[in-house]
Amino acid sequence: MSNGTTIDFPDMQVANDLIGDREALNAAWERDGYWYFKKLLDPDALGRFQEAYMEELRSFGVIDPDATEPVYNGASLENWPKPTPFGYEPHNKLIESRAWVELTRDPKIESLFTKILGARPVWVPIAEYRLWPPNEDPSLDRIIAPHQDGFYNLGYNGRTCWIPVWDASKETGGLAVAEGMHKSGYFHDPDNAPLFPFPPNSIPDSAWRTANYEAGDFVLFDRHTPHSGLRNHSDRYFRLSLDVRLVPENENAPMAGLITEVDTLGIAIKTEDAKI
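Residues numbered from 1 in each chain as written. Predicted model: local features only at pLDDT ≥ 70, side-chain atom pairs only at ≥ 80, totals over all residues. Heavy atoms only, no water.

K.L.:
Go over the sheet that holds strand β1 (residues 34-37) with me, naming the residues and quoting the values.
P.N.:
Spatially, the five strands line up as an open sheet ordered β1-β8-β5-β10-β4, and their pairing is antiparallel. Each having just a single partner strand, β1 and β4 (121-132) make up the two edges of the open sheet. When the angles between neighbouring strand axes are averaged without regard to direction, this sheet yields 15°. Here six bridges tie strand β5 (residues 159-164) to strand β10 (residues 239-248), and the two strands are oriented antiparallel to one another. In the sheet register, Trp-162 faces β10, and the bridge partner there is Asp-243. (Pairing = 2+ DSSP bridges. Helix = DSSP H or I, 4+ residues; strand = E, 2+ residues; numbered from the N terminus. Axes fitted to C-alpha atoms, helices over the stretch in contact; angles between N-to-C directions.)

As structure tokens, this is what we get:
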């Protein structure tokens, strides 16, 4: 496991040049367990999404009212959500805003993901807004809580999309993935409830990859890919990110909605699309 001072993991492989070549994309996915794309998200759609995060930071008084970047102003973090094994407690106002829905429904975002996946993306309503304050304890392990999303979401063939909402250098932290380790089954200890963590030294240090992320980047990774957030060692910037699940429409995508009727012939579900 990486020690607390390590920040210079090797860079992830960029997949921009593979778009349009289905065979090459599939080969990279099979080999690495992820695709990393640089600066492809539509800036207008991303800008609207960024503002939801900035408004949350302003509500805590931890950035200046006229700030245009998530720069920490030194205010007290006493009322900030408390730490958890996987990060921090949820930001409920952001969750209630459902800002991720507006982002993923933007026509330019849907068109981009359809081109990459080869099918329309079906977004599963499992979304996590993450706002990481700076100056995290450098004596703690840089890799926070390695895990595999599929272990906690059995039953559907989901992929995870991780989006750095703002620039996030290696110092600020971000997503780290264990390249090529998605083909080795689940590493979680089934006898160590309730978090079922990886046993020590399950993942070799040499497998970890990260990047100096920029706004507009995103990573898609396999449900079996070990990954983790990295602690924020910046003394200046909050690290803002979103992770949300999706399934290509042609891969037996699940249906999410409100069950309105159940009888011996089947179940009626009212989806969000039907409400619009």
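K.L.:
I'd like to hear about the confidence of the model for the protein, residue by residue, with values.
P.N.:
Averaged over every residue, the pLDDT of the protein is 92; the share at 70 or more is 95%. Predicted confidence for residues 1-6 stays below pLDDT 50, and this span has 18 contacts to residues more than four positions away or in other chains. (pLDDT = per-residue confidence, 0-100. Contact = heavy atoms within 4.5 Å.)

K.L.:
Any details on helix α5 (residues 107-117)? Residues and values, ideally.
P.N.:
Restricting attention to buried positions, one finds in α5 the residues Ile-109, Leu-112, Phe-113, Ile-116 and Leu-117. All buried residues of α5 fall inside an arc of 120° around its axis, so they share one side. α5 presents Pro-107, Lys-108, Ser-111 and Lys-115 as exposed residues on the side facing more than 90 degrees away from its buried surface. The opening residue of α5, the one whose side-chain oxygen lies 2.9 Å from the backbone nitrogen of Lys-108, is Asp-106. Just beyond α5, the residue with positive phi is Gly-118, at close to 80°. (Buried < 20%, exposed > 50% of the residue type's maximum accessible area, 1.4 Å probe, protein only. Arc of directions from axis to C-beta. Polar contact = N/O pair within 3.5 Å; in protein donor to acceptor, adjacent residues only side chain to side chain.)

K.L.:
Quick rundown of the environment of Ser-234? Include the residues and the values.
P.N.:
Structurally, Ser-234 is set in the loop between β9 (227-229) and β10. For Ser-234, the contacting residues outside a window of four places in its chain are Pro-134, Asn-135, Glu-171 and Thr-172.

K.L.:
Describe in detail the pattern of salt bridges, supporting the description with residues and values.
P.N.:
In total, this model carries 15 salt bridges according to the counting rule given. Linking Arg-31 and Asp-32 is a salt bridge whose minimum nitrogen-to-oxygen distance equals 2.8 Å. Asp-42 is paired through a salt bridge with Lys-108; the nearest N and O atoms lie 3.6 Å apart. Here Lys-108 lies in helix α5 and Asp-42 lies in the loop between β1 and α2 (43-59), a separation of 66 residues in the sequence. (Salt bridge = Lys/Arg side-chain N within 4 Å of Asp/Glu carboxyl O.)

K.L.:
Account for the nonpolar core, with residues named and values stated.
P.N.:
Generally speaking, soluble globular proteins have nonpolar side chains that are buried together. With 43 residues, the main nonpolar core has Trp-35, Phe-218 and Leu-220 as its most contacted residues. With six residues, α2 is the largest single contributor of residues to this core. (Core = buried A, V, L, I, M, F, W, Y, C linked by side-chain atoms within 4.5 Å.)

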